[in-house]
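Letter by letter, the chains look like this.
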Amino acid sequence: MSEMKTAKLGTLCYLLAGGTPSRSKPSFWGGGIPWVKISDMLQGEIRYTEESISDEGLENCAAKLLPKGTLLISIFATIGRTAILKIDAATNQAIVGLVPKRDDTIDLGYLRRQLDAQISFLLKRGRGGAQSNINGAILKDLDIPLPPLNEQKRIAAVLDKADKVRSRRRESLQLTEKFLHFVFLDMFGDSKANPKGWDQCLLEDLCERIIDCPHNTPVYSEFPTEFYCVRSSEIQNGRLDLASSRFVSESVFVQRIARHEPQAGEVIYTREGGRLGNAAQVPHGKRIC
């Protein structure tokens with residue numbers, strides 16, 4: 001079998017950097033041009049933006065008006081986040097727009113998947129202080145596997161379908177959890193108000209022990225290992241979802257479980273932040289910290 005052809009991202013796409021108009025010029029802001037920040041990219045497909053700039057603002061900064069269909073990738077602080085423009089828009093300097101040089105060479109849906117798959121490499125190349133970043137030169141030098149265009153489109157379509165299935169499954173789980181919550185309230189009432197007069201006791205009286213996990217953020221592994229580091233975002237709807245978990249090395253794992261290694265069936269609980277109060281059981285066969 002012949003080796004798959006690859007091409008540098010810079011030979012496949014124009015890379016268009018963004019910019020920010022001066023905040024001291026009110027006339028530069030609030031115009032009719034949507035202006036994309038990294039937080040706007042959470043939409044995946046960008047149809048609106050929190051802020052907008054004027055024609056004057058666009059003319060007086062490094063930003064460019066990018067056409068609908070442009071693939072965006074973040075290069076500062078949050079490295080490697082991707083999104084597709086569904087509107088004409090400009091971006092700030094933390095985002096680069098990718099526009100194919102030839103429509104018959106690269107499919108943007110496929111390219112987005114490739115960039116998502118190479119996020120670990122991009123993170124490794126990131127440099128800086130508290131907020132790491134990459135530059136256009138690093139992006140241009142990125143190797144992109146290049147199967148025939150029809151195969152690119154097939155790959156993108158298969159992955160899009162898988163995402164839709166996963167999204168529907170997530171929505172179904174959320175609806176199930178809401179239903180179970182209502183059933184719980186109907187059977188037992190609100191636990192704080194205790195309208196049914198149930199006997200109550202302290203959590204520590206019900207548990208053999210309650211263990212506080214390490215508070216610091218570990219050094220994550222660049223590659224998958226058998227050791228998962230659970231973040232509060234992965235405890236949702238009464239279950240632990242490890243699909244997006246980060247990994248740690250064995251040495252880091254050993255340090256973090258010095259107090260206790262969570263065992264299958266034990267309960268883990270979020271203790272702070274916006275997800276305070278979520279709980280889930282540790283699944284069988286998974287080593288987590």
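What you see is a predicted model, and the numbers here were worked out from it, not measured in a lab. Residue positions are given per chain, counted from 1 along the sequence in the order it is written. With pLDDT at 70 or above as the cut-off, local features in this predicted model cover only qualifying residues; side-chain atom pairs require 80 or more to be listed or tallied, and sums for whole chains, interfaces and linings still use all residues. Side-chain numbers here rest on the full set of heavy atoms in the structure, without hydrogens or water.

> Provide a residue-level description of the overall build of the protein chain, including the pertinent values.
Here a strand is any run of E in DSSP of at least two residues, a helix any run of H or I of at least four, and the numbering for each starts at the N terminus. For the protein chain, the count of helices and strands is eight helices and 17 strands. Considered along the principal axes of its C-alpha atoms, the protein chain spans approximately 70 × 55 × 40 Å. Here's how the labels work: a residue is buried when its accessible area is under 20% of the maximum for its type, exposed when over 50%, partly exposed in between, all with a 1.4 Å probe on protein chains only. The proportion of buried residues among the 289 residues of the protein chain is 33%. Sequence-distant contacts in the protein chain: of pairs separated by 6 or more residues, those separated by 24 or more amount to 64%. Areas reported as accessible are Shrake-Rupley estimates using a 1.4 Å probe. Residue values count occlusion only from the protein chains shown. Working note: accessible area of the protein chain is about 18,100 Å², and carbon and sulfur atoms make up 53% of it. Considering the protein chain, the positive charge centre built from 39 side chains and the negative charge centre built from 35 side chains are found 5 Å apart. What makes two residues a contact is simply this: any of their non-hydrogen atoms within 4.5 Å. Charge convention: Lys and Arg are scored as positive, Asp and Glu as negative, and His as well as the terminal groups of each chain are ignored. Here the site of a charge means atom NZ of a Lys, CZ of an Arg, CG of an Asp or CD of a Glu.

> Describe the packing of aromatic side chains, listing the residues and the values that go with them.
Each Phe, Tyr or Trp ring, with Trp reduced to its six-membered ring, pairs with another whose centre is within 6.5 Å; inter-plane angles below 30 degrees give stacked pairs, above 60 give edge-to-face pairs, and intermediate values give tilted ones. In total, this model carries three aromatic pairs according to the counting rule given. Where tryptophan 29 meets tryptophan 35, the ring centres are 5.0 Å apart and the plane angle is 90°; that geometry is what we call edge-to-face. Both residues of the pair, tryptophan 29 and tryptophan 35, count as buried. Of note, arginine 23 hangs over the ring of tryptophan 29, and the distance from its end group to the ring centre comes to 3.9 Å. Over the ring of tyrosine 14 we find lysine 101, and its NZ or CZ is 5.4 Å from the ring centre. Counting as a charge over the ring demands two things of the Lys NZ or Arg CZ atom: a distance within 6 Å of the ring centre and an angle within 35 degrees of the ring normal.

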